[in-house]
Amino acid sequence: MPDQPRLVVAAAIVDDLDAPTQLLAARRSAPKSLAGLWEFAGGKIEDGERDVDALHRELAEELGIEVTIGRPIPGPTGADWPILHGHAMRIWFAAIDQGTPEPLADHDALRWLPLTDPYDVAWLEPDLPIVTAVRQHTARGPVR
């Protein structure tokens, strides 16, 4: 039986869960093969950690923020999205409660993108369908 994909968590950080107009993108600084490409902030779940707890921890470590988590963004065949290296990503909408986002770990730049056209950066290829899903969900209204 093949191994299950390693699960990572991420957030589509928007400016407002009730009336989103902007999406926060983070530019990778490492590893070298991914440096310069843009992604959703997040990371791996540690052993014994719940997915939402991992998301809060990762956003605090990577961006120095606390967030309110909104609705999940379901993948094409269920909850998770296939991404690089056989991993799967579980992603939720989120809005910043405390802190000002800064690229503290794994990133060297952050950028707010308009949800009307969030493709103005070089997204990691596996994140592109998620960006499209984010646009579709936010066009329908609140993502709380």
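Our structure is the block above this text.
These numbers were taken from a predicted model, which means no experiment stands behind them.

Engineer: Is there a simple way to explain the overall build of the protein in this structure?
Structural biologist: For the protein, the helix and strand inventory stands at 2 helices and 8 strands. Relative to the 2.2 N^0.38 estimate, which gives 15 Å for 144 residues, the radius of gyration of the protein is 14 Å and therefore close to what a compact globule would have. Seen through its principal axes, the protein has C-alpha atoms that stretch 45 × 30 × 30 Å. When burial is assessed residue by residue, the protein has 44% of its 144 residues classed as buried.

Engineer: Just checking my understanding: could you explain the environment of Val121 for this structure?
Structural biologist: In this fold, Val121 is placed in the loop between β8 (107-114) and α2 (128-139). Taking C-alpha positions, Val121 is 8.4 Å from Ala25, a pair spaced 96 residues apart along the chain. Beyond its immediate sequence surroundings of up to four residues, Val121 is in contact with Trp38, Arg111 and Leu113.

Engineer: Sorry if this is basic, but what is going on with the side chain of Asp127 here?
Structural biologist: Structurally, Asp127 is set in the loop between β8 and α2. Buried Asp127, no salt bridge; nearest opposite-charge side chain is Arg28, N-O distance 8.6 Å. Those residues in contact with Asp127, other than ones at most four positions away along the chain, are Trp38, Glu39, Phe40, Ile83 and Met89.

Engineer: Explanation requested: the packing of aromatic side chains in the structure shown.
Structural biologist: The relation between two aromatic rings is expressed through the spacing of the ring centres and the mutual angle of the planes. Counted according to the given criterion, the structure contains 1 aromatic pair. Where Phe40 meets Trp123, the ring centres are 5.0 Å apart and the plane angle is 35 degrees; that geometry is what we call tilted. Highlighted residues: Phe40 in the loop between β3 (38-39) and β4 (41-44) and Trp123 in the loop between β8 and α2, separated in sequence by 83 residues. Of the residues examined, Phe40 reaches a relative accessible area of 3% and is grouped as buried.

Engineer: Is there a simple way to explain the nonpolar core in this structure?
Structural biologist: Across soluble globular proteins, nonpolar side chains have a tendency to be buried as a group. In terms of nonpolar packing, the biggest core is built from 25 residues, with Phe40, Ile91, Trp123 and Val134 touching the most fellow members. For this core, the secondary-structure elements that each account for two or more residues are β1 (7-13), β2 (22-28), β7 (88-98), β8 and α2. Excluding anything up to four places from it in sequence, Phe40 contacts Ala10, Ala11, Ala12, Leu23, Met89, Ile91, Trp123, Asp127, Ile130, Val131 and Val134. Formed by 17 residues, the second largest nonpolar core is a distinct cluster that contains Ile13, Leu24, Val52 and Leu55.

Engineer: Mind showing me how you'd approach the pattern of salt bridges here?
Structural biologist: Pairing between side chains becomes possible if they bear opposite charge and their charged atoms approach one another. Evaluated as defined, the whole model comprises 11 salt bridges. One salt bridge connects Arg57 with Glu61, and the closest N-O pair in it is separated by 3.3 Å. Note that Arg57 and Glu61 are positioned in helix α1 (residues 51-63) at a spacing of 4 residues, about one turn of the helix. Several salt bridges share partner residues, and in doing so they unite Glu46, Glu49, Arg57, Glu58 and Glu61 into one network.

Reading the values: rules and limits
Residues numbered from 1 in each chain as written. Predicted model: local features only at pLDDT ≥ 70, side-chain atom pairs only at ≥ 80, totals over all residues. Heavy atoms only, no water. Helix = DSSP H or I, 4+ residues; strand = E, 2+ residues; numbered from the N terminus. Rg over C-alpha atoms; globule rule 2.2 N^0.38 Å. Buried < 20%, exposed > 50% of the residue type's maximum accessible area, 1.4 Å probe, protein only. Contact = heavy atoms within 4.5 Å. Lys, Arg positive; Asp, Glu negative; His and termini not counted. Salt bridge = Lys/Arg side-chain N within 4 Å of Asp/Glu carboxyl O. Phe/Tyr/Trp six-rings, centres within 6.5 Å; stacked < 30°, edge-to-face > 60°. Core = buried A, V, L, I, M, F, W, Y, C linked by side-chain atoms within 4.5 Å.

Don't take any of this as a statement about function, it's just geometry.
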